[in-house]
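Geometric and topological summary
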Amino acid sequence: MTMRTPRARLACLALGAVALVARSAGGQSVRVRSSTTARYVQLQPIRYDPAAGAFLPLPVTYAAPITQDVELSVWGLGVPGLRAYALLRGRAALGSELVWPRSDDHFDALEAFVELERPLYRIRAGRQHRASGLGWYAFDGVSATWRPRPTVRTEWYGGRGFTRGFLEPLSSEALRSLDPMRPVQNTILLGASLWAAPTSASAVTAIYQREILSDRSGLVSERAAIDARIGVGSRLVLTAAADADLALETWGRARASALVRLGRRSFLEIEGFRYKPVLDLTTIWGVFSPEAHRGLAVSARLAPTRSVALSTSYIYRRYEPLTRGTPFLLDVDDEAQQLTAGARYALGDVVVEGTYRLQFGFGGAQSGGDAALTWASPDGWRAGLRGTAFQQEEAFRVADGTVYGVGLDASGRLGDRARLRAELMRYLHRPTEGQSAVNWSQTRALLGFEFWIGANPDRPGAYR
C-alpha cells in the first residue's frame, strides 16, 4: 500500500508515541480496536452525452474497496487525566475496475492527539475534528475546554485547517483539479463555542468560526451558528437552529420545530425550514447558485404498545427560481412534495416493518417501498431479510420500469472481543425498454470484522 508522505509520517509518529508510552510508562492501560470493512459493488455506469442529449450506458464494471480502521487509546500515564489517542484509516481496492471514491487516498490520520482532562478543563493538542451546526471540520492544532459549572461549557480551538468535510488542505492538488481558483497556501482555522443548559429540559449552543489564509492576506470564511432546545412542561419540546455567513452578511440554513408528546412512545411534530448553501469565498461553485428552498414538514408516530408502531410524514419544499441553466435541470417544477407512511410490529425476537414513499414535483416523481423481517437473539446475533422496490419518472429517472431489490444481512459477536457483519443486496431493473432505458441493475455486498483488545476505558484497569 502506497502512503502519502506527510500522512505516513504522521501515522508513524502516532504509532511511535503509543509504542514509546506503552514501553516506558508503568501501570498504563491500552485499548486497541480494529475494524476491517470490505465491499463489493457491481453496476453499469452511465454518462451524459450533450450531443445526444441523453444518458448513455457504459460497460458493466465492479469495485471492491476495502477500509481498515485502527483506534488506539492509552491512559494511566503517571499523570491523572493524561491520554493519547489515534484513529487511523487505510484504504485499498482489491482489483477494482471502477474507480471507487477515495480508494486511491490510501491513508488518513482521522484523529491523533494527546489530551489532559481535569474536572474543570480539558486541553487537547494534535489532529482533531469538530462536528457542529457549521458542518464537519478537521484541523491540526490545540483546543481548550472550560467547564466552570456542570451546566456551562466553553471551548476555544485553532490550528491548520482542512477543507470542510475532508482531511485535505485547502491548497491540495486533488481539490485544485476540481476548482482551479483554490489558493496555493493553507488556512488557519479559529473558533469558539458556548454550551449552556439553563434547565434540565433546555440547552443552547452557539459557535463562531473564522478561516483565514496562512499568511493572513485574505478571509476564507466567517460563519456562526446557534441552536436551542426548550422543554415546556412534560409534553412540548421547541427547537430552533440557524447558521449565518458573516462575511457575506446572509443567513444560510434555518429551522424551527415544535414536538408534542402524545404518550411514552407517540408524538406529533411540525417543522419549518429554510436551506441556502454557504460556500467559502475561495471557491467558484457559488456562481452556479445551488438550489435554495424553504418548506414545511409534519410527522407523527403512534405506538399504542411496544409491539405496534405507525408513522407518517409530509414534507413540502418551495425552490427559488433558477438563475443558471444546466442540462440536468430543464423544465422542472418549483415545488416538491413527499409523503411517507410506515408500520412496525414486534413479536418476541422477530420484527416486521415496512415503509412507503411518494415524492413528486421538483426533479420528477418517485414512488417506492421497503420491507424488512429481522430476528434478534438474546446473545446479540441479528439476521434480517430486506426487500425494496422503486420507480422514477421525468428528471433524475431510473429509465423506464421498476427497480426491485432483495437482500440479506447478519451481525453478531464472536466471543467477547470480536464482531462480524455481513450484507448482500441484489437490485434488478425490470423492464428496460427503449433507447433511454439504462439498466440500473447492480449487486452490493459488505463484509466487516471488528475486534478489540485491552482495557475498557469506562472501567480503568479492567480487561475484557
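Predicted, not measured: the structure shown is a model, and the values here were computed from it.

1. With respect to the overall build of the protein chain
When helices and strands are tallied, the protein chain shows two helices and 25 strands. Looking at the protein chain alone, contacts between residues at least 24 apart form 49% of all its contacts between residues at least 6 apart. In the form shown here, the protein chain has an accessible surface area of approximately 25,600 Å², with 61% of it arising from carbon and sulfur atoms.

2. With respect to the confidence of the model for the protein chain
When the pLDDT values of the protein chain are averaged, the result is 84; 83% of them are 70 or greater. Scored below 50 in pLDDT, residues 1–11 shows 17 contacts in the model against residues more than four places distant or in partner chains. The model gives residues 459–464 a pLDDT under 50, and that stretch makes 18 contacts with residues more than four places away or in other chains.

3. Considerations on a nonpolar patch on the surface
Taken together, Y345, L347, V350, V352, L373, W375, L385, V406 and L408 make up a surface patch of nonpolar side chains, about 820 Å² in accessible area. Residue assignment for the nonpolar patch shows that the elements contributing at least two residues are β19 (335–347), β20 (350–361), β21 (365–376) and β23 (402–413). Structurally, Y345 is set in strand β19. Given the relative accessible area of 42%, Y345 is considered partly exposed.

4. Some points on the pattern of salt bridges
Counted by the stated rule, this structure contains 19 salt bridges. When the shortest N-O distance is used, the salt bridge between E117 and R147 registers 2.6 Å. Taken together, the positions of E117 in strand β7 (residues 107–117) and R147 in strand β9 (residues 135–149) put the pair 30 residues apart, joining distant regions of the chain. Here E117 falls in the partly exposed class, since its relative accessible area comes to 30%. Salt-bridge contacts for D370 lead to R357; the nearest nitrogen and oxygen are separated by 2.4 Å.

5. Considerations on the pairing of strand β18 (residues 308–319)
Relative to β18, strand β17 (residues 293–302) runs antiparallel, the two sharing ten bridges. Bridge pairing in β18 places H293 opposite Y319. Hairpin geometry of β17 and β18 is characterised by an intervening segment of five residues between the two adjacent antiparallel strands.

6. As for unusual backbone geometry
The phi torsion of most residues other than glycine is negative, and most of the peptide bonds are trans. If you check the backbone angles, R216 has positive phi at about 60 degrees while not being a glycine. Relative to the helices and strands, R216 resides in the loop between β12 (202–213) and β13 (219–232). Judged by its relative accessible area of 65%, R216 is exposed. The phi dihedral of E249 is positive, around 55 degrees, even though this residue is not glycine. By the element assignment, E249 lies in the loop between β14 (236–245) and β15 (250–261).

7. Observations regarding the packing of aromatic side chains
Counted under the stated rule, the structure contains four aromatic pairs. Geometry around W195 places R153 over its ring, the cationic atom sitting 4.6 Å from the centre.

8. Quick word on the environment of D243
Mapped onto the fold, D243 is located in strand β14. As for D243 and I226, which are separated by 17 residues in sequence, their C-alpha atoms are 6.5 Å apart. Setting aside its immediate chain neighbours within four residues, D243 contacts G133, L134, R223, A224, A225, W251, G252, R253 and V278.

9. A short note on the side chain of R223
With respect to the helices and strands, the residue R223 is situated in strand β13. Beyond its immediate chain neighbours, meaning those up to four positions away, R223 contacts L134, Y137, R164, I207, Y208, Q209, D243, A244, L246, R253 and V278.

10. Re the pairing of strand β16 (residues 267–275)
Two elements, β15 and β16, share eight bridges in a ladder whose sense is antiparallel. Within β16, the residue paired with S257 across the bridge is E271. Between β15 and β16, which pair antiparallel in sequence order, lie five residues. In this sheet, β17 lies alongside β16 in antiparallel orientation, the contact comprising nine bridges. When the bridges of β17 are listed, I270 appears paired with V298.

About the criteria used
- Residues numbered from 1 in each chain as written.
- Predicted model: local features only at pLDDT ≥ 70, side-chain atom pairs only at ≥ 80, totals over all residues.
- Heavy atoms only, no water.
- Helix = DSSP H or I, 4+ residues; strand = E, 2+ residues; numbered from the N terminus.
- Contact = heavy atoms within 4.5 Å.
- Areas by Shrake-Rupley, 256 points an atom, 1.4 Å probe, with all protein chains shown as cover.
- pLDDT = per-residue confidence, 0-100.
- Patch = residues over 30% accessible without salt bridge, like charges linked within 9 Å, V, L, I, M, F, W, Y side chains within 5 Å.
- Salt bridge = Lys/Arg side-chain N within 4 Å of Asp/Glu carboxyl O.
- Buried < 20%, exposed > 50% of the residue type's maximum accessible area, 1.4 Å probe, protein only.
- Pairing = 2+ DSSP bridges.
- Phe/Tyr/Trp six-rings, centres within 6.5 Å; stacked < 30°, edge-to-face > 60°.
- Lys NZ or Arg CZ within 6 Å of the ring centre and 35° of its normal.

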